[in-house]
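Below are the chains, spelled out letter by letter.
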Amino acid sequence: MSNFILKIIAMVTMFIDHLGYALYGKFSPLNYIGRLAFPIFAFGISEGYIHTKSKKNYLMRLFLFAIASQAPFMFFESMFATGFTLNIFFTLFIGLIAIIGYEQCKNKYVGLLLVACLGLTADALHMDYGYFGVFAIFIFHIFKNKKVFMNLSFIGLCLLKYVPLYIGYNFYLPYLILCLFTISSLVFINLYNGKKGLDTKYLLYGFYPVHLILLYLFNLLFV
């Protein structure tokens, strides 16, 4: 399974996730399917770090699209939430900084501390997926050549995120299902064959803000 196919799967499941909010204005079973998307995007950042010709340009690209996508994201989020959240491109941006920072640290314990601080910063700034997003990106990077450790670490991260919610809400079943669907993204990630596939560098960048605006307008006009 090429990187292109992974991107398509991630975009389709993300669209299904967001479509649920556009149709119902709240959580729905469509959001279960949507849990497959982010881990694939996180894995894509770890692959992008390896294959990009310029890490500086890669960072700048993520940051610029994070800025450009914030207004569409806020319009979209207004359909079902009242708080302020920074869109997923900010999380991907911080995750890439975590990888670069770790690799440039001579002392890897200092590097791990940096990654932890960046994860907590993502949470404090209310970035989409918060610490979970940053740590997932880092796990896919650090264990890229050790699939067993990668899978076990990601499963552990998912349990850390969802199990307290599941228990805290008196064993609220949807949180358990969300956890299982998030873990299921590993099926697609493990099928990755290391090949690029079709060159679609800007496909995701453009798709993200455009589909958010279209779904917001759909909700405004027809729901």
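To be clear, the structure that these remarks concern was listed above.
Draft legend 1. Inspection of helix α10 (residues 203–222) at higher detail. An ideal rise of 1.5 Å per residue puts 28 Å on 20 residues; α10 measures up with 27 Å between its terminal C-alpha atoms. If you check which residues of α10 are buried, you get Leu-204, Tyr-205, Tyr-208, Pro-209, His-211, Leu-212, Leu-215, Tyr-216 and Asn-219. Buried residues in α10, looked at end-on, bunch into an arc of 160°, giving them a common side. Seen from the open side of α10, the exposed residues pointing more than 90 degrees away from its buried face are Leu-214, Leu-221 and Phe-222. Against α1 (3–24), α3 (37–51), α4 (55–77) and α5 (88–104) lie the buried residues of α10.

Draft legend 2. Structural context of the nonpolar core. If you look at the biggest cluster of nonpolar residues, it comprises 65 residues, and the most contacted ones within it are Leu-62 and Phe-140. A total of eleven residues in this core trace back to one element, the largest contributor, which is α5. If we skip the residues at most four places from it in the chain, Phe-140 touches Pro-39, Ala-42, Phe-43, Ser-46, Met-150, Phe-154, Leu-186 and Ile-189.

Draft legend 3. The packing of aromatic side chains, seen in detail. Evaluation of the coordinates by the stated rule reveals 27 aromatic pairs. With 4.3 Å between their ring centres and 15° between their planes, Phe-38 and Tyr-129 make a pair best called stacked. Separated by 91 residues along the polypeptide, Phe-38 in helix α3 and Tyr-129 in the loop between α6 (108–124) and α7 (130–142) bring together distant segments of the chain. Owing to a relative accessible area of 17%, Tyr-129 belongs among the buried residues under this scheme. Centroid distance Phe-65 to Phe-89: 6.2 Å. Interplanar angle 40°. Geometry classified as tilted.

Draft legend 4. View of the packing of α3 against α5. Where α3 meets α5, the closest approach of the two axes is 10 Å, and the angle between their N-to-C directions is 40°. Judged by the inter-axis angle, α3 sits oblique to α5. Handedness of the α3/α5 crossing: right-handed. Residues Phe-38, Phe-41, Ile-45, Ser-46 and Tyr-49 of α3 touch α5, and the partners they reach there are Ile-88, Thr-91, Leu-92, Leu-96, Ile-99, Ile-100 and Glu-103. Looking at side-chain class alone, the contact of α3 with α5 contains nine nonpolar, two polar and one charged residues.

Draft legend 5. Up close: the packing of α6 against α7. Two elements in contact, α6 and α7, have axes separated by 6 Å at closest approach and are oriented at 145°. Read as a crossing pair, α6 and α7 show a hand that is right-handed. Side by side, α6 and α7 meet where Leu-112, Val-115, Ala-116, Leu-118, Gly-119, Ala-122 and Asp-123 of the first sit next to Gly-130, Tyr-131, Val-134, Phe-135 and Phe-138 of the second. Partitioned by chemical class, the residues of the contact of α6 with α7 number nine nonpolar, two polar and one charged.

Draft legend 6. Highlighting unusual backbone geometry. Despite not being glycine, Tyr-129 has its phi angle at roughly 75°, a positive value. Phi at Asn-170 takes a positive value of approximately 55°, unusual for a residue other than glycine.

Draft legend 7. Summary view of a nonpolar patch on the surface. Taken together, the side chains of Leu-23, Tyr-24, Val-210, Leu-214, Leu-217, Leu-220, Leu-221, Phe-222 and Val-223 define a hydrophobic patch exposed on the protein surface, amounting to about 940 Å² of accessible area. When contributions to the nonpolar patch are tallied by element, the ones reaching two or more residues are α1 and α10. The element contributing the most residues to the nonpolar patch is α10, with six residues. Judged by relative accessible area, Leu-214 falls into the exposed class, the value being 52%.

What counts as what
Residues numbered from 1 in each chain as written. Predicted model: local features only at pLDDT ≥ 70, side-chain atom pairs only at ≥ 80, totals over all residues. Heavy atoms only, no water. Helix = DSSP H or I, 4+ residues; strand = E, 2+ residues; numbered from the N terminus. Expected span 1.5 Å × (residues − 1). Buried < 20%, exposed > 50% of the residue type's maximum accessible area, 1.4 Å probe, protein only. Arc of directions from axis to C-beta. Contact = heavy atoms within 4.5 Å. Core = buried A, V, L, I, M, F, W, Y, C linked by side-chain atoms within 4.5 Å. Phe/Tyr/Trp six-rings, centres within 6.5 Å; stacked < 30°, edge-to-face > 60°. Axes fitted to C-alpha atoms, helices over the stretch in contact; angles between N-to-C directions. Parallel < 35°, antiparallel > 145°, perpendicular 65-115°, else oblique. Left-handed = near helix turned anticlockwise from the far one by under 90°. Nonpolar A, V, L, I, M, F, W, Y, C, P; charged D, E, K, R; others polar. Patch = residues over 30% accessible without salt bridge, like charges linked within 9 Å, V, L, I, M, F, W, Y side chains within 5 Å. Areas by Shrake-Rupley, 256 points an atom, 1.4 Å probe, with all protein chains shown as cover. Salt bridge = Lys/Arg side-chain N within 4 Å of Asp/Glu carboxyl O.

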